[in-house]
Amino acid sequence: MDVKTEILSKYKAKVFKSRKEHIVEVDNGSEQLIAANTRAIPGIMTNRGCCYAGCKGVVLGPLKDTVVLTHGPIGCGFYSWGTRRNKARPNESGENFVQYCFSTDMQEPDIVFGGDKKLRQALSEAYQIFKPKRIMICSTCPVGLIGDDIHAVAAWAEAEFGIICAAFSCEGYKGVSQSAGHHIANNGLMKRIIGTDDRRPEGKYPVNLLGEYNIGGDGWETERILKKIGYSVVSIFTGDGALADIARSHTADLNLVQCHRSINYIAGMMKDAFGVNWLKVNFIGVEATCETLRHLAEFFGDEELKKRTEEVIAAELEEIAPDMAHYRERLSGRTAAIFVGGSRSHHYQALLRDLGVETVLAGYEFAHRDDYEGREVIPTIKEDADSKNIENLVMEKDRRYRMFLTPERFEDLKKKMPLEDYVGLMKDMPDGAYVVDDLNHYETEEFIKHLKPDIFFSGIKDKYVIQKGGVLSRQLHSYDYSGPYSGFRGAVLFARDVSMGLFAPAWKMVTPPWAEKREPNAGKAAFKEAESLKEAGDA
């Protein structure tokens, strides 16, 4: 019995039928489909977040010049506050609201009688205390259920305070995961912010960095490399990002898409409305970063830029060469599993390959089929009722539409690089590896038992489940308070952290549960012994 069948055989028939389409053993010699972006099965502890988490927690939360106010119970706001380590520096006027948690703290009377008044009060207090120029309102489940009109309140705040105030109806129950929240946030930014400032960027090669959330300072390291070569970064969506910069993002010549899932909507809409091309990039991994930088230079077609790119690559490689050689020697031959959101389960395989580590299992929390199989499958994806709940904006050409590339140049470049394309996760994985969508704790434990990876990259929800199984787990959502991991220097930090974790002496003291030999009914015997000790103590 193969690994997939053995793991699924423990499920009841109905669950088996649903889950079997979400697990694929990679075979690059054949066309493979995977089920994704469907509702989680009731009773299974999914690792997914909600629509609100995707909108406020992922896309809008890292904005530093904007008060992002949660309209809902305090737990929702607290859940989305600070957990992803989105670093941000104050802007020129000293604004940096990332460190704050703003919430209306709805109580039972607000649920019964409506929370509009409390929302107005919260907006008034936020303005009086901080005088922000921009406020975003994100709604949670109770707000959608009782019908508070947050858009009307946002319009009132704009008139009352003379600021930008936008509302996002991102109630947690919408869609099947946080992916729906990404889409809603993208739509709101496109409708209200992008294209509202026509100031031309300074510099010869203006670009936007999309889908970079500056976890542990990743965006700063990426920006350092880009500026060193000669690019000017107009805006970042949205790590250490500012709406003041995003407002003029349409003036850039190219969008660099790091996290495909969370931001591809904006990349597509900006192309349709303003003609801004987009390029799928990866700044995670040494070879991946080199390839991305060469693609960028080729896109602009400037020989001086190409020369400067090679000079910077050579200098950066020389700086990290001794450290990378040392860590590759320590880590080569190891195996890894990766289960994260966004594109990280794909990106980090490139960095692991740099270190001689093979990925045997990978998956996403909230991906769609195109994140796994590539964008060519988008026309074949059947839209279900959950997807129809999310507005799909169709953009018309703006009066400021401009084409940086000729159609001939565009077609030529598409043959050389992922220009307005994404190949997906599965094509970059070795035959025999497993791809799992929406992995749960039971499957995590079973795959560890069968594949025995040396390290499992995941998030806080299953970090300790994994480590109790005797396998090191590093968080790729928050980097376990380390980072940055992007670019050349980030690769060294990543290798250091992985090596430090794997060679920690504590693992000699851990015996994973699946490796223990237990006598039949050992659990019952242990329970009886505990009960007798308790009775003796009570006596």
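The rules we used
- Along each chain, numbering runs from 1 in the same order as the chain's sequence is written.
- Selection of residues for local features in this predicted model requires a pLDDT of at least 70, selection of side-chain atom pairs for listing and counting requires 80 or more, and totals for whole chains, interfaces and linings are taken over all residues.
- Only hydrogens and water are set aside when side-chain values are computed; all heavy atoms of the structure are taken into account.
- Angles here are taken between N-to-C directions and fall from 0 to 180 degrees, while the axes themselves are lines fitted to C-alpha atoms, restricted in helices to the stretch in contact.
- Under the scheme used here, helices are H or I runs from DSSP no shorter than 4 residues and strands are E runs no shorter than 2 residues, and both carry numbers assigned from the N terminus.
- Working rule for angles: under 35 degrees goes down as roughly parallel, over 145 as roughly antiparallel, 65 to 115 as roughly perpendicular, anything else as oblique.
- In a left-handed crossing the near helix is turned counterclockwise from the far helix by less than a right angle, and in a right-handed crossing that turn is clockwise.
- Residues count as neighbours in contact if any of their non-hydrogen atoms are within 4.5 Å of one another.
- Classification used: nonpolar for Ala, Val, Leu, Ile, Met, Phe, Trp, Tyr, Cys and Pro, charged for Asp, Glu, Lys and Arg, polar for all others including Gly.
- Buried means the residue's accessible area, taken with a 1.4 Å probe over protein chains only, is under 20% of the maximum for its type, while exposed means over 50%, and partly exposed covers the values in between.
- Strand pairing is assigned whenever DSSP identifies at least 2 bridges connecting the two strands.
- Domain segmentation is taken from an automatic or database assignment of domains.
- The term buried area refers to how much accessible surface (probe radius 1.4 Å) is lost by two components on association, counted for both of them together.
- Between Lys or Arg on one side and Asp or Glu on the other, a salt bridge is scored when a side-chain nitrogen of the former is within 4 Å of a carboxyl oxygen of the latter.
- Two aromatic rings from Phe, Tyr or Trp, using only the six-membered ring of Trp, form a pair when their centres are within 6.5 Å; if the ring planes differ by under 30 degrees the pair is stacked, by over 60 it is edge-to-face, and anything between is tilted.

## Things to note about the packing of helix α14 (residues 303–331) against helix α21 (residues 487–502)
Alright, step 1. It is at 9 Å that the axes of α14 and α21 come closest, and there the two elements cross at 15°. Overall, the two elements α14 and α21 adopt an arrangement that is roughly parallel. Relative to α21, the crossing made by α14 is left-handed. Residue-level contacts link Ile313, Glu316, Leu317, Glu319, Ile320, Asp323, Met324, Tyr327, Arg330 and Leu331 of α14 to Phe488, Arg489, Ala491, Val492, Ala495, Arg496, Val498, Ser499 and Leu502 of α21.
Alright, step 2. Residues of the contact of α14 with α21, tallied by class, amount to 12 nonpolar, 1 polar and 6 charged.

## Section: the pairing of strand β7 (residues 231–238)
Every regular strand shows the same layout, with side chains that alternate between the two sheet faces.
Alright, step 1. Most of β7 sits out of view: 8 of its 8 residues are buried.
Alright, step 2. Note: strand β6 (residues 205–212) against β7, 7 bridges, orientation parallel. Pairing of asparagine 208 across the sheet is with serine 235, part of β7.

## Quick word on the environment of histidine 326
Alright, step 1. Here histidine 326 is to be found in helix α14.
Alright, step 2. The class of histidine 326 is partly exposed, set by a relative accessible area of 41%.
Alright, step 3. Along the chain, histidine 326 and isoleucine 137 lie 189 residues apart, while their C-alpha atoms are 49 Å from each other.

## So, the domain arrangement of the protein chain
Alright, step 1. Domain parsing of the protein chain yields domain 1 (3–47 + 426–538) and domain 2 (51–192).
Alright, step 2. Summarising the inter-unit geometry, the C-alpha centres of domain 1 and domain 2 are found 34 Å apart.
Alright, step 3. Contact residues are listed per partner, giving 9 residues for domain 1 and 5 residues for domain 2.
Alright, step 4. Surface buried jointly by domain 1 and domain 2 totals about 550 Å² across both partners, of which 46% is contributed by carbon and sulfur atoms.
Alright, step 5. The three residues of domain 1 that bury the most area against domain 2 are Asn37, His477 and Ser478, which together make up 54% of that side's buried surface.
Alright, step 6. Linking domain 1 with domain 2 are 0 salt bridges.

## Some remarks on the packing of helix α19 (residues 441–451) against helix α20 (residues 460–468)
Alright, step 1. At a closest axis distance of 10 Å, the pairing of α19 and α20 adopts a crossing angle of 40°. Helix-helix and strand crossings are classified by hand; for α19 and α20 the assignment is right-handed. Residues His441, Thr444, Glu445 and Ile448 of α19 form the contact with α20, whose own contacting residues are Lys461, Asp462, Val465 and Ile466.

## Observations regarding the packing of aromatic side chains
Alright, step 1. If you walk through the whole model with that rule in mind, you get 21 aromatic pairs.
Alright, step 2. A ring pair is formed by phenylalanine 300 and phenylalanine 404, whose centres lie 5.5 Å apart and whose planes are at 75°; its orientation type is edge-to-face. Here the residue phenylalanine 300 occupies a position in helix α13 (residues 286–300), and phenylalanine 404 occupies one in the loop between α17 (385–388) and α18 (407–414), the gap between them amounting to 104 residues.
Alright, step 3. Ring centres 5.5 Å apart and planes at 25° place the aromatic pair phenylalanine 457 and phenylalanine 494 in the stacked group. Here phenylalanine 457 is found in strand β13 (residues 455–458), whereas its partner phenylalanine 494 is found in helix α21, with 37 residues between them in sequence.
Alright, step 4. Look at phenylalanine 457 and you get buried, because its relative accessible area is 1%.

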